[in-house]
Amino acid sequence: MTGTATRYLYLARHGEASADETTLTESGRRQASLLGERLRSTPLSAIHHGPLPRARQTAQLISAELGDVPLRPSEPAGDYVPHLPAKEELPPDAADAMLGFLDRVPEEERGRGPAPAREALAEFTGPVDGDRPRHELVVTHNFLIGWLVRAALDAPEWRWMGLDHGNAALTVIRYAPGRPSSVLVHNDMRHLPAELRWTGFPPELHV
């Protein structure tokens, strides 16, 4: 009988993107390369990335620092709203502000998210078949990282909101057989110099 082994899921938001989001800025390219340097000693089996240019380019720059780790495009690693909450799900004192934020997301993007969000959970989470641990990187977007972190913590579905992630920051989740999932690292930017940290956050949230 085939057993199961621990999965280590590494999550990275893409590097800083241009205003029209069609490419990375020079800072974004540097962020991606530095993240690749940090991951050189990690035994990654694959780099999954979303289909949009900013995620694809980030994954390619990381890959350039790692050698022969395969790149794997993934629709579930894309940019979408993973769960659109009803007002009654949300904290009463914050519901209007949270729904107002979601109203600014294009309707098509809001409506298509639940299906790929379920696919992302099926594809990227939980222990893996076999007897050897697996280490995988997913280069994706802020919303999906929040979705996967909240799932690892068994938080309500709406709680993907408020779990923000900096450009090229790193989160690591461990899925060990017979144990609860564990968020080992979240939003870690120590591989970035000070001037490249906290991009993707409003200035008042830089700490």
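Residues numbered from 1 in each chain as written. Predicted model: local features only at pLDDT ≥ 70, side-chain atom pairs only at ≥ 80, totals over all residues. Heavy atoms only, no water.

**Q** How should the side chain of Thr6 be read in this particular structure?
**A** Within the fold, Thr6 resides in the loop between β1 (4-5) and β2 (7-13). On the accessibility criterion, Thr6 (15% relative accessible area) is buried. (Helix = DSSP H or I, 4+ residues; strand = E, 2+ residues; numbered from the N terminus. Buried < 20%, exposed > 50% of the residue type's maximum accessible area, 1.4 Å probe, protein only.)

**Q** What exactly am I supposed to notice about the nonpolar core here?
**A** A general feature of soluble globular proteins is that nonpolar side chains tend to end up buried together. One finds Leu9, Leu11 and Trp160 to be the most contacted residues of the largest nonpolar core, which totals 28 residues. The element contributing the most residues to this core is helix α6 (residues 142-152), with seven residues. If we ignore the near neighbours within four places in the chain, the residues touching Leu9 are Phe124, Glu136, Val138, Leu148, Thr171, Val172, Ile173 and Tyr175. In terms of nonpolar packing, the next biggest core, distinct from the first, is built from 16 residues, Ala32, Leu44, Ala59 and Val172 among them. (Core = buried A, V, L, I, M, F, W, Y, C linked by side-chain atoms within 4.5 Å. Contact = heavy atoms within 4.5 Å.)

**Q** I'm lost on the sheet that holds strand β3 (residues 44-49) in this one. Help?
**A** Either a parallel or an antiparallel arrangement is found when strands of a sheet pair, and the pairing is made through backbone hydrogen bonds. Strand order across the open sheet formed by six strands is β4-β3-β6-β2-β7-β8, with mixed pairing between neighbours. Edge positions in the open sheet fall to β4 (71-73) and β8 (182-188), since each of these has one partner strand only. Across the sheet, the mean angle separating the axes of adjacent strands is 20 degrees when strand polarity is ignored. (Pairing = 2+ DSSP bridges. Axes fitted to C-alpha atoms, helices over the stretch in contact; angles between N-to-C directions.)

**Q** Please clarify how the pattern of salt bridges should be interpreted in this entry.
**A** Opposite charge on two side chains permits them to pair, given that their charged atoms come into close proximity. Taken as a whole and assessed by the stated rule, the structure comprises nine salt bridges. In this structure, the salt-bridge partner of Glu65 is Arg40, at a minimum N-O distance of 2.4 Å. You can see Glu65 sitting in the loop between α2 (53-64) and β4 and its partner Arg40 sitting in the loop between α1 (26-38) and β3, a full 25 residues away along the chain. On the basis of relative accessible area, Arg40 is assigned to the exposed category, the value being 52%. A network of salt bridges, in which partner residues are shared, links Arg7, Arg134 and Glu136. (Salt bridge = Lys/Arg side-chain N within 4 Å of Asp/Glu carboxyl O.)

**Q** I'm lost on helix α3 (residues 95-103) in this one. Help?
**A** For the α-helix, the turn length of 3.6 residues means that residues three or four positions removed from each other point alike. Buried residues of α3: Ala95, Met98, Leu99 and Leu102, and no others. The arc enclosing the buried residues of α3, seen along the axis, measures out at 95 degrees, which places them on a common side. For α3, the exposed residues set more than 90 degrees away from the buried face come down to Asp96, Ala97 and Asp103. Buried-residue contacts for α3 involve α4 (107-111). (Arc of directions from axis to C-beta.)

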